[in-house]
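# Summary of the model geometry
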Amino acid sequence: MIGLHTIPRGTNPTLEGSISMGFVHLPSQTLDMDMEPIPKTKFDEREDAIWDSYSSWIMEHPSALDEFEQMMSAIQNKKIVVFLDYDGTLSDIVEDPDKAFMTETMRSAVREVAECYPTAIISGRRREKVQDFVKLDDIYYAGSHGMDIISPVCSNRFGGQEHHRRVVDEKGNEIVLFQPAADFLPKVEGIFRLLTTRTKNIKGSRVEDNKFCVSVHFRCVHQKDTNALKEVVESVLEDYPDFRVTRGKKVLEVRPLIEWDKGHALEYLLDTLGFDSSDVVPIYLGDDRTDEDAFKMITTRGEGYPIIVSSVPKETKASHSLRDTKEVMQFLQNLARWSTNSSLGNS
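Presented here is a report on the structure given in the accompanying data block. Computed from a predicted model, the values in this text were never measured in an experiment. (Residues numbered from 1 in each chain as written. Predicted model: local features only at pLDDT ≥ 70, side-chain atom pairs only at ≥ 80, totals over all residues. Heavy atoms only, no water.)

### Comments concerning the environment of Gly 88
Within the element layout of this structure, Gly 88 appears in the loop between strand S3 (79–84) and helix H3 (104–116). Leaving out residues up to four positions away in the same chain, Gly 88 has contacts with Ile 93, Asp 287, Val 309 and Thr 325. (Helix = DSSP H or I, 4+ residues; strand = E, 2+ residues; numbered from the N terminus. Contact = heavy atoms within 4.5 Å.)

Written out as structure tokens, the structure is:
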């Protein structure tokens, strides 16, 4: 039987107040002692609808914590490769993207997993920025939604030498950079400059240079100004028909119009790491729409666990779910512990 997780009451965005112990609490500033009592059934119906919706969704995308033992039992003696998104998965979503720091306990959990399995982080952020946030060496990094990847070797399957470049990192080690959108870099820089200039009067907006893509954040933009911000982005891109806009969590992502995404990055890393075989099980944790490309790739492979990080029902290709970064950390700790116990059992 699938164990059901419940949503932390009071955190669902569809309710204006908080819910605890079956009662609805409205924010204090909305209370009026002279107002007519609100029928409790009105809130009960909304609350029941929310719980019913989540319960139905969790049956289709069960908790990866509740089903951890079954998941691991099904892949005994197979090779696990771990893929992780960053924002919203390893760190909480914050208003200032430059302050999306992961906790030390999360860093420790990622380190433990990387000691047990090949591990990669695939983020929409600039690769160097993610590396600076994570501060772990034994991990493979892919930035710009997979358009900037560090890999151990070149891949003949993905572009041969065309988009590969051998460089020496700051520690003197030779690495391979795979950058399938390198030809677009001058245009990306031009788009970044234009968007920075044309959005400066939209309060709360922020334009982030992520090397091969540009992120326009509107988490802090007043709702009345969001349409104006989107119109600015669309107007800039009228002169760049070889670019597209995708939407994430309170962010517009401007990317080159090439056939490359996080799903292709996952395939590329499996290939260059030497794990592109039927006995390999990729596990991918992510919370955003861009992670759906990786979920789809795993589903197409027919082997692996795409896991969405979300506390609310949403359409997804993921097979399992985790509610938040705390559950991600617990899952990673379980994964490392399972590897250790399996090794002891086989010795």
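Don't stop here, the text continues.
### Side note on the side chain of Lys 262
Summarising the element assignment, Lys 262 is placed in helix H7 (residues 262–272). Among the residues examined, Lys 262 registers a relative accessible area of 2% and is labelled buried. A polar contact of 3.2 Å, which involves the side chain of Lys 262, links it to the side chain of Asp 85. Setting aside residues no more than four positions away along its own chain, Lys 262 makes contact with Asp 85, Ile 122, Ser 123, Gly 124, His 145, Tyr 284, Thr 290, Asp 291, Asp 293 and Ala 294. (Buried < 20%, exposed > 50% of the residue type's maximum accessible area, 1.4 Å probe, protein only. Polar contact = N/O pair within 3.5 Å; in protein donor to acceptor, adjacent residues only side chain to side chain.)

### Things to note about the packing of aromatic side chains
What the rule picks out here adds up to 13 aromatic pairs. Measuring from ring centre to ring centre gives 5.3 Å for Tyr 86 and Phe 133, while their planes differ by 5 degrees; the resulting arrangement is stacked. Placement of Tyr 86 in the loop between S3 and H3 and of Phe 133 in helix H4 (residues 127–134) is noted, with a sequence separation of 47 residues between them. We classify Tyr 86 as buried; its relative accessible area is 0%. Among the residues examined, Phe 133 registers a relative accessible area of 3% and is labelled buried. Between Phe 178 and Tyr 268 the ring centres are 4.3 Å apart and the planes differ by 10 degrees, which places this aromatic pair in the stacked class. With Phe 178 in strand S8 (residues 174–178) and Tyr 268 in helix H7, this residue pair connects regions lying 90 residues apart in the sequence. (Phe/Tyr/Trp six-rings, centres within 6.5 Å; stacked < 30°, edge-to-face > 60°.)

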